[in-house]
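Residues per chain, in single letters:
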Amino acid sequence: MDLKEIQNLIKFVAKSGASEVKLEMDDVKITIRTGSDNETTIVQQVPVQSAPVVQQAPSPAPAAAPAQETAAPAAPASDDSKYITIKSPIIGTFYRKPSPDKPVFVEVGTQVKEGDVLCVIEAMKLFNEIESEVSGKIVKVLVDDSSPVEFDQPLFLVDPS
């Protein structure tokens, strides 16, 4: 689906008076919500490699989400005061290695400096290096390799001392 088709779809939805339209195709998910004053469009491109995972994951995904929710409040309560959380700046697929045949960027216990590469996140076939914002020691890796991540999702805990 190209940009012109998406723009035409937005115009059609705005003229139709519908408040929300969801369109899912092979590699594209589009949600268009219209309000009285504003119009919001969300376009999410699913990597082709993830398509089989999405088909297999519907039942584990709901179970995984509550597990993350219950684990998240427990971790900040005990660790947040002394550890710094490095979060994902984008939506994509998290990789701990630069390529399958290379070693991981960092392990638990690795000393990192500000600017060291911690991981890569693939978004729309582009690999974005995620660099450390602080110097310290990696205490915990919060995401499994090759997992999808959301914007602002915690990736690593770093002990700055």
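Above this text sits the structure in question.
All figures in this text were calculated on a predicted structure; none of them were measured in a lab.

Peer 1: Can you lay out the sheet that holds strand β8 (residues 126-131) for me, pointing to particular residues and giving the numbers?
Peer 2: Strand order in the open sheet formed by four strands is β8-β7-β5-β10, and the pairing between neighbours is antiparallel. Every interior strand has two partners, whereas the edge strands, β8 and β10 (147-149), have only one. The sheet shows a mean angle of 40 degrees between the axes of neighbouring strands, direction not considered.

Peer 1: Talk me through the nonpolar core; I want residue IDs and the actual numbers.
Peer 2: One finds F94, L118, I138, L155 and F156 to be the most contacted residues of the largest nonpolar core, which totals 16 residues. Only β7 (117-123), β9 (136-141) and β11 (154-159) provide two or more residues apiece to this core. Among residues more than four places away in sequence, those in contact with L155 are I86, K87, S88, F94, C119, I121, K140, V141, L142, V143 and V149. In terms of nonpolar packing, the next biggest core, distinct from the first, is built from seven residues, I6, V28, I30 and I32 among them.

Peer 1: Just give me the short version of the pattern of salt bridges, but keep the residues and values in it.
Peer 2: Evaluated as defined, the whole model comprises one salt bridge. In this structure, the salt-bridge partner of R96 is E107, at a minimum N-O distance of 3.5 Å. Remark: E107 occurs in the loop between β5 (92-95) and β6 (111-112) and R96 occurs in the loop between β5 and β6; sequence separation between them is eleven residues. Classification of R96 by relative accessible area gives buried; the value is 17%.

Peer 1: Please give an account of the sheet that holds β9 that cites residues and values.
Peer 2: The pairing of strands in a sheet comes from backbone hydrogen bonds and takes either a parallel or an antiparallel form. Read from one edge to the other, the open sheet built from four strands follows the order β4-β11-β9-β6, with strand pairing classed as antiparallel. Since the sheet does not close on itself, it has two edges, and those belong to β4 (84-87) and β6, each with one partner. In this sheet, β9 lies alongside β6 in antiparallel orientation, the contact comprising two bridges. Along β9, the bridge assignment pairs V112 with G136.

Peer 1: Account for the pairing of β8, naming residues and giving values.
Peer 2: For β7 and β8, the ladder comprises six bridges, and the chain directions are antiparallel. Bridge pairing links A123 to L126 in β8. Where β7 hands over to β8, the hairpin turn is made up of two residues, of which M124 adopts a positive phi near 55 degrees.

Peer 1: Help me get a handle on the environment of E114, residues and values and all.
Peer 2: Within the fold, E114 resides in the loop between β6 and β7. With residues near it in sequence (within four places) discarded, E114 still touches S132, E133, V134 and S135.

What counts and what doesn't
Residues numbered from 1 in each chain as written. Predicted model: local features only at pLDDT ≥ 70, side-chain atom pairs only at ≥ 80, totals over all residues. Heavy atoms only, no water. Pairing = 2+ DSSP bridges. Helix = DSSP H or I, 4+ residues; strand = E, 2+ residues; numbered from the N terminus. Axes fitted to C-alpha atoms, helices over the stretch in contact; angles between N-to-C directions. Core = buried A, V, L, I, M, F, W, Y, C linked by side-chain atoms within 4.5 Å. Buried < 20%, exposed > 50% of the residue type's maximum accessible area, 1.4 Å probe, protein only. Contact = heavy atoms within 4.5 Å. Salt bridge = Lys/Arg side-chain N within 4 Å of Asp/Glu carboxyl O.

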